[in-house]
Structures are given as C-alpha cells and as structure tokens.
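Remarks on the overall topology
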Amino acid sequence: MQDVYSICLMCTVRCPIKVMVDNDDVKLIEGNPHDPGIQGSICPKGAAGVCLLNDQERVKKPLIRTGPRGSGQWREASWEEALDYVAAKLREIKDKYGARGIAYTERSQLNSHISKTFMRALGSPNYFSHDSCCKGSLNTAFRSLTGYTDANVGVDIGKAKHIILFGRNYFESIELKAVKQLTNALENGTKLTYIDPRVTVTATKADKYLMIRPGTDLALSYALMNVIINEELYDKEYVRHWVLGFEELKQFVGKYTPQWAEQQTGIAAHEIISLARQASAVKPAVIFHYGYRSAHYTNEIYVRRALIMLNALMGSIEAPGGIFFKKGAGAVGKKPLNKLIGQVLPEINEVRCDGAGTAKLPTPDPAHGVVQMLPRAILEEDPYPVKGLIVWRHDPLLSIPDYENNKRAFDKLDFIVTIDIHFSETAWYSDVILPESIYLERGDSIQENAGLKPSLYLRKPAVTPRYDTKPGWEIMKGLADRLDIGQYFPYHSLDDLWHYQLQGTGLTLEDFAAKGFVSLCDEPIYWNREDGLKFKTPSGKIEFVSSLLEENGYPSFPEYESVQPPAEGYFRLMIGRNVAHTHVSTQNNPLLHELMPENLLWINTEKAGYLGIKNGQMVKVSSSRGQETIRAHVTDLIHPEAVFMVHGFGRKVKAQTRCYNKGASDTLLQENISDNIGGSPALQHVHVKVQAVG
C-alpha cells in the first residue's frame, strides 16, 4: 500500500488528505495525519472521492455537439481534433468581434493564475470567477473598511471566548479545520451565539439561539452598535488609534435602539442588550462572524460592513481570538511562489462587459467581475457583443439566479466550451466538453496557504486517469499553443509547472515528500496592535466613513428600510448548504446521493397547517421566474415568513441519472437582482407561493 499526500477537491476548502493506493487503485482516503488542524479526519464528501473516481457517469472523452443545444447529442473526438476545433471557433469570434467578444468563467482554484493569464494573453478583459455569487459583497465590505479583500482575512476560532454567528452554518458547510477548532473551543468554554431564521445543526450547538426575521440582520447590527457605544463597551484605545469615522457612527446609530430593533427583527430588546454586554465583556477575544452565503439581500454590503465594524468596536481585528489578516511567504522573509500572471503580459484597455470597475458598477471587485451580470451583457450586447464563453469547473447555468434567463443568454452565444469532470448543466448546454481528470488523477499548481502560519501544499496524482481525460492546466496550454499565445505558458509537464512556481523560493519538491506540505514558520504571526496594523485604506485606518463608498456616491451609513412581510400565502425563499453536498457539484455522486437524494422545502408548522400542507407531501413552489415541485418538511424550526431549501437540486440533465429530476432548483425560482454596491446577487430576495399538490 502506498500513501500519497495530496489536497481534496470534493469542495473548495481543499483539506489536506492521505490517499491509500494499491495497484493503481484508491483503497481509502483520510485526512492528512501530519496536518495539526486535520489530524486524519475526513468529511463525508472527502470520503466519497473514491466513488467519483470510479463513477461511470463522468465525462469520459472529448465531446462535440451534433444536435441542438441541450439535446445530449454528441460525437466523441480525439484530443487533437477537439482542441483544434475549440481554438478555431475562438479565433473566429476574436476575428469578428475582437478578443472582448470572448468571456471566461470559473470557480476560483489553484490554477486560476493560468486562466487569468490565458485571458490577458488573449486580450479579453472578461475574466470572471464565481466569487460574486458567493461573497462579492463581503469582498467589497472588507475593501471599504480595511483595504483588504475577504480572502486576506481569517478568524481565530481557537482562541475566541465568544463567537457570534449570523447564519454562518459551520457544522453543515464543513470546513474541517474550522469545525474542529470550533468543537474544541466550545468544549473549553467558548460561548457561541447563533442567529438565523432557521434552526440549523450549528444552532443546536449554541449557548444561545436567536430566531431573527429574515432580512433584518442590519437592524440587529445597528442596535448592537447602539448599545455598545451608548454603554461605552467598545475598546476606546483601539477605536481612537485605528478607526476613522467613529463619531459619525455614534451619531448615526443613536436612534436605532434595542426596542426599535425588537420591532424589526422579532428579537427581544433585552436579548440584544445582553448579547452586546456579553460580547464586550471578553473583548478583544470575540468574533462577530461576517458570514458567507447568508443574508443575501440588496443591502448586503451594509450587513457585512456592520458586522466587521462590530469587530472593530471590540478591538478584535488583528487580535488573538478575533479576526486576523492572513500572512503569506513574504511575512516570514520568504519568496512567494511564482505565478504565470506575474509575467509581463499584454495590457488590456477595454472595459469589462459586466461594467465592474466602471461608473456602472464602480465598487465591486473587477478582479473577479460580477458574473451574474453576464447573462444581461450577452442578451443586450451592452456595451458590446459577447459571443464566446469558456467555462472551467463552474456551472453558471445553475449558479446564477434565473435559470431560464441564463439559457436564453446562452442561446445567443456562438460558441460555448466547458472543461469539467462531469455533465454539469452548463456542460450539457455547451458545444464542446473537454473532460478534466479528477483531483485523484492529476496534480495542480502548488497552493500557497496564507494564514497565521503560512504554508505550501501540493496536490499530487494518486492514480492514473480512468478515462481519456487531461488536467485542466494541460488543456489550457493546448489551447494557448493553438491560439499563438503559448509563450506565456512556459511548461510542458506538471514538473515543469511546479519547478516554475518554486524557482527562487529555496524549496524543492523533495521538501514536500514527507508530509505533503511545507510550513514556513512555527509560531502564529500577529501584527503589533500599537503601531503595526497595516490597513490599505487611503487613511491607513479602518474606515467607518469609507473613501471607497463616499467617492463613488454611496453613503457609509444608510438609513434602515423596514422589511415588509410577504403577502398571504407567500414566503421569502432562503437557501443554504448541507453536509452531504457541495453547491451544485456532488448531487450525482453515488455515495452522497445515497446520503441525501433530494432537497426538501422547510415550512413552518402553523403556516403549513393553514395551507393544508402535511409533512412529506409534495408542494408546488412558484415565483415570478418559474415553478418547481418539492416535498415539504413541516417544522417549528423555521421562521413563519420563510421557507428553505438546500441549493443545487432539481437537475435537468438525464445523463446524471441519480440526481435527474430529484428535488427542486432554487436557481429556477430566483430573480437575478443584485446588491449593486457590493456585487452579490440578492439570492434571498425572491418571494415564492407555496401550494399543496393533489
């Protein structure tokens, strides 16, 4: 038996793993026992990687479409033919519409420096990652306050004394290291307060659960700030030294009392006062978690900003037990990894098709783009026609709200090529599918894992590919060579790519052999809170009054607008995750499908009774965008104004036989409406009607 140390890719967390291999077959996958944050543990998704490897329903060969889009009519092709075909189509579009007529979208990954380089070399500004749909407004909120993106920030769970989670569902989203840290912290006395319209698994672990009216998180945050400031519970020295705009905030939140917030949120005023006092009593070792994939509304950036500001009032930003800025190799005097995007590349002067970085969308991060704007740009050809789309490890048809509108946009494209491991909805609707080897069959670019203790991790191939597939970095190189931009991709093999990245770092591949990773320091690195905090804002401080927002015509502190309840028979549709599945990518995995074959619609017991809906009964859910049928889960554990379903079900691709037509698609019901200041789609904006079937 051979042990191969690598990195999981059953979700985007990328936990370090040990793959036990015998005779070119994977016998077992465990967490990497050498990693002190993992200690051999694995989640259900990680363990199910073996099923993915041997899944007969993966894409096995390059495919070229022969029938109408979405018909499932394909012919197999050799790699040479498929790459030649794709390159010729992309060249046709470039010649007719310019390079800007080609857009690219992916789920951010270890090879993103390759795909960004590809688009820069091609001459198109239209690189998109999935980030805006996941956390675009959080990114903008952090930049508006600290100058850093959310990707530069982490939470020091292990040393926190009180953690407040606004819908951050740690125990069902399964970030293994964080879950283990949180579990240990709770056993050692850390208090946990959980706030959500729904009782999640994380809620059941909390010392205090507060059920909040959906959409009112900002009201609660304003009231918490009101108490903390009025009772002078904040860290005065930290605020005096590092915060710009405290007096303006103090004046602003004066009217947002706990009694006012009780009317908005449904949370009793005394509970709000108690939470503010309890959190302040242990400052700065307190975390008001800023959240992911929760509270997605049109005012989301201000929800995220308020949560980060609560941390600043606690003095917990860059404090043990609080929020910290991630440190990379440079922080310990090491040379960072080389990335292809660091080369001298052609300058691009074209504006982005989504408007990010222009007067249309001045504050969302143009480095990632606002991918949910892509369908509109394609349909309206504004500011110019986009006719080609390259997709790598992303399923925009199912990730961008309003499924039918997404299909109409794709119908206007001259060409779609998808690089994927399975028949995603987008792959099924493409002109060409280029099948990628899965993470157990391939290596990828080395991961630079920034944090309190920066380190480097290696994904290595554990077994040979089961089908006629290739690594994505090799596919991109093949396309680049055919498009006469191959000079920006100076590798011919995985070893070439790794050596390119390690050049000048003083490290070699042998340094990874024993444990699969290299630690760059032994002790956690915190900046000096007295004079060493390195905020990247123009003022060098945490900008409660934000130069980014104010200079673009947006207020730093918007007045609160009351959230109106849904009309009779309607509910706000909330979505979320489950421990068994990752977004839209694992529903057809044999093992994970067995664990959770369909999603359910959570609906409040009293409301269900009024509508004549019984537990387990099929119901019709309809919105302004479409309708779906799903099984009801009648429960007291959800707010009466909301219904809930897990994201990613209701699949339409027959080739994925296990998950085909199982459950309901949230994407089909959602409206494509965004927080245009922050950049995220308002995924929980839509109201749906629920009716019993039969």
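Here is what the cut-offs are and how they apply
- Residues numbered from 1 in each chain as written.
- Predicted model: local features only at pLDDT ≥ 70, side-chain atom pairs only at ≥ 80, totals over all residues.
- Heavy atoms only, no water.
- Helix = DSSP H or I, 4+ residues; strand = E, 2+ residues; numbered from the N terminus.
- Rg over C-alpha atoms; globule rule 2.2 N^0.38 Å.
- Buried < 20%, exposed > 50% of the residue type's maximum accessible area, 1.4 Å probe, protein only.
- Contact = heavy atoms within 4.5 Å.
- Areas by Shrake-Rupley, 256 points an atom, 1.4 Å probe, with all protein chains shown as cover.
- Salt bridge = Lys/Arg side-chain N within 4 Å of Asp/Glu carboxyl O.
- 1 Å grid on protein atoms, 1.4 Å probe; cavity = no way out; pocket = protein on both sides within 12 Å on 5 of 7 lines; lining within 4 Å.
- Points joined across faces, edges and corners; volume = space filled by probe spheres on them.
- Nonpolar A, V, L, I, M, F, W, Y, C, P; charged D, E, K, R; others polar.
- Domains from an automatic or database assignment.
- Pairing = 2+ DSSP bridges.
- Axes fitted to C-alpha atoms, helices over the stretch in contact; angles between N-to-C directions.
- Parallel < 35°, antiparallel > 145°, perpendicular 65-115°, else oblique.
- Left-handed = near helix turned anticlockwise from the far one by under 90°.
- Lys, Arg positive; Asp, Glu negative; His and termini not counted.
- Polar contact = N/O pair within 3.5 Å; in protein donor to acceptor, adjacent residues only side chain to side chain.
- Disulfide = S-S within 2.5 Å.
- Expected span 1.5 Å × (residues − 1).
- Arc of directions from axis to C-beta.
- Core = buried A, V, L, I, M, F, W, Y, C linked by side-chain atoms within 4.5 Å.

1. Observations concerning the overall build of the protein
- The helix and strand inventory of the protein stands at 24 helices and 27 strands.
- Taking 26 Å as the expected radius of gyration for a compact globule of 694 residues, we find that the protein reaches 25 Å, a close match to that expectation.
- For the protein, with 694 residues in total, the buried portion stands at 62%.
- Pairs at least 24 apart in sequence give 74% of the contacts found in the protein among residues at least 6 apart.
- Of the accessible surface of the protein, which amounts to about 24,900 Å², a share of 48% is contributed by carbon and sulfur atoms.

2. What to know about the pattern of salt bridges
- Overall, the coordinates contain 43 salt bridges when judged by the stated rule.
- The shortest N-O distance in the salt bridge between R466 and D24 comes to 3.7 Å. Here the residue R466 occupies a position in the loop between strand 19 (455-457) and helix 19 (472-482), and D24 occupies one in the loop between strand 2 (16-22) and strand 3 (25-31), the gap between them amounting to 442 residues.
- A relative accessible area of 26% means that R466 is categorised as partly exposed.
- Looking at D24, the relative accessible area reads 33%, which means it is partly exposed.
- The closest approach of N and O atoms between E57 and R658, which form a salt bridge, is 3.7 Å. In this pair, E57 sits in the loop between helix 2 (49-53) and strand 4 (63-65) while R658 sits in the loop between strand 26 (642-646) and helix 24 (666-669), placing the two residues 601 residues apart along the sequence.
- For E57, a relative accessible area of 16% corresponds to the buried category.

3. Comments concerning the environment of F415
- Position of F415 relative to the elements: it lies in strand 16 (residues 415-420).
- Here the alpha-carbon distance between F415 and E92, two residues 323 residues apart in the chain, equals 10.0 Å.

4. Topic: empty space enclosed by the protein
- Per the stated rule, a full pass over the model turns up eight cavities of 30 Å³ or more.
- Volume-wise, the largest cavity comes out at about 470 Å³.
- In terms of lining, the largest cavity is formed by 31 residues, of which the most central are R393, D420, I421, H422 and S585.
- Among the residues making up the lining of the largest cavity, the classes are represented as eight nonpolar, 13 polar and 10 charged.
- Residues from two domains meet in the lining of the largest cavity; each of domain 1 (63-134 + 335-450 + 466-491) and domain 3 (570-692) gives at least three.

5. With respect to the sheet that holds strand 2
- Sheet architecture is open: three strands sit in the order 1-2-3, paired in antiparallel fashion. Each of the sheet's edge strands pairs with one partner strand only, and the pair in question is strand 1 (2-7) and strand 3. Recorded for the sheet is a direction-independent mean angle of 30° between the axes of neighbouring strands.
- Alignment of strand 1 against strand 2, held across six bridges, turns out to be antiparallel. Within the sheet, the bridge partner assigned to S6 lies in strand 2 and is I17.

6. Comments concerning the sheet that holds strand 26
- Taking strand neighbours around the barrel as the criterion, the six strands line up as 22-26-23-25-24-27 in a closed arrangement whose pairing is mixed. Direction aside, neighbouring strands of the sheet carry axes that sit 45° apart on average.
- Of the strand pairs in this sheet, strand 24 (residues 618-622) and strand 25 (residues 627-635) are connected by five bridges, and their pairing is antiparallel. Note on strand 25: the bridge partner recorded for K620 is T629.

7. A few points about the packing of helix 9 (residues 217-230) against helix 14 (residues 300-314)
- Between helix 9 and helix 14, whose axes approach to 9 Å, the crossing angle comes to 20°. When the interaxial angle is binned, helix 9 and helix 14 end up roughly parallel. For the pair helix 9 and helix 14, the sense of crossing is left-handed. Across the interface between the two elements, D217, L218, S221, L224, M225, I228 and I229 from helix 9 touch Y302, V303, A306, L307, M309, L310, L313 and M314 from helix 14.

8. So, the pairing of strand 16
- For strand 16, a buried count of six out of six residues is recorded, marking the element as mostly surrounded by other parts of the structure.
- In strand 16, alternate side chains face the same way, and those of F415, V417 and I419 on one face and I416, T418 and D420 on the other are all buried.
- Bridge count for strand 15 (residues 388-392) against strand 16 is five bridges, and the pairing is parallel. Bridge pairing links G388 to F415 in strand 16.

9. Concerning the side chain of R107
- Looking at where R107 falls in the secondary structure, it is placed in the loop between strand 6 (102-106) and helix 4 (112-122).
- Of the side chains bearing the opposite charge, D131 lies closest to the buried R107, which forms no salt bridge; the N-O distance is 7.0 Å.
- Polar side-chain contacts of R107 include one of 3.2 Å to the side chain of H130.
- For R107, the residues in contact, after removing those within four places along its chain, are T12, H130, W392, R393, H394 and H583.

10. Concerning the state of the cysteines
- Applying the stated rule across the entire model yields zero disulfides.
- C133 supplies the cysteine sulfur nearest to C353, a cysteine that is in no disulfide, at a spacing of 14 Å.
- Its relative accessible area of 0% is what places C353 among the buried residues.

11. Structural notes on the layout of surface pockets
- Within this model, the second largest pocket holds a volume of roughly 430 Å³.
- What lines the second largest pocket is a set of 18 residues, among which Y297, T298, N299, E561 and V563 lie closest to the centre.
- Taken together, the residues that form the lining of the second largest pocket break down as seven nonpolar, seven polar and four charged.
- Structurally, the lining of the second largest pocket is a two-domain feature, drawing no fewer than three residues from each of domain 2 (157-321) and domain 3 (570-692).

12. Comments concerning helix 3 (residues 79-97)
- The first and last C-alpha atoms of helix 3 sit 27 Å apart over 19 residues, in line with the 27 Å expected at 1.5 Å per residue.
- Considered for burial, the residues of helix 3 that qualify are W79, A82, L83, V86, A87, L90 and I93. In an axial view of helix 3, the angular spread of the buried residues amounts to 125°, which keeps them on one side of the axis. Exposed positions of helix 3 whose direction lies more than 90 degrees from the buried face are E80, D95 and K96.
- Residues of helix 3 that are buried sit in contact with strand 6, strand 15, strand 16, strand 17 (432-435) and helix 19.
- Phi for G98, located one or two positions after helix 3, is positive at around 85°.

13. Observations regarding the nonpolar core
- Core analysis: the largest hydrophobic core is formed by 90 residues, its most contacted members being L313 and F544.
- The element that contributes the greatest number of residues to this core is helix 14, accounting for 11 residues.
- The residues contacting F544, other than those within four sequence positions of it, are L145, V243, L244, G245, F246, L249, R305, M309, A312, L313, S556 and F557.

14. Some details on the environment of P197
- Within the secondary structure, P197 sits in the loop between strand 10 (191-196) and helix 8 (201-204).
- For P197, a relative accessible area of 11% gives the class buried.
- As a C-alpha pair, P197 and M574 span 377 residues in sequence and 9.1 Å in three-dimensional space.
- The contacts of P197, once residues within four sequence positions are left out, are Y209, M211, I212, P214, M574, L637, I638 and H639.

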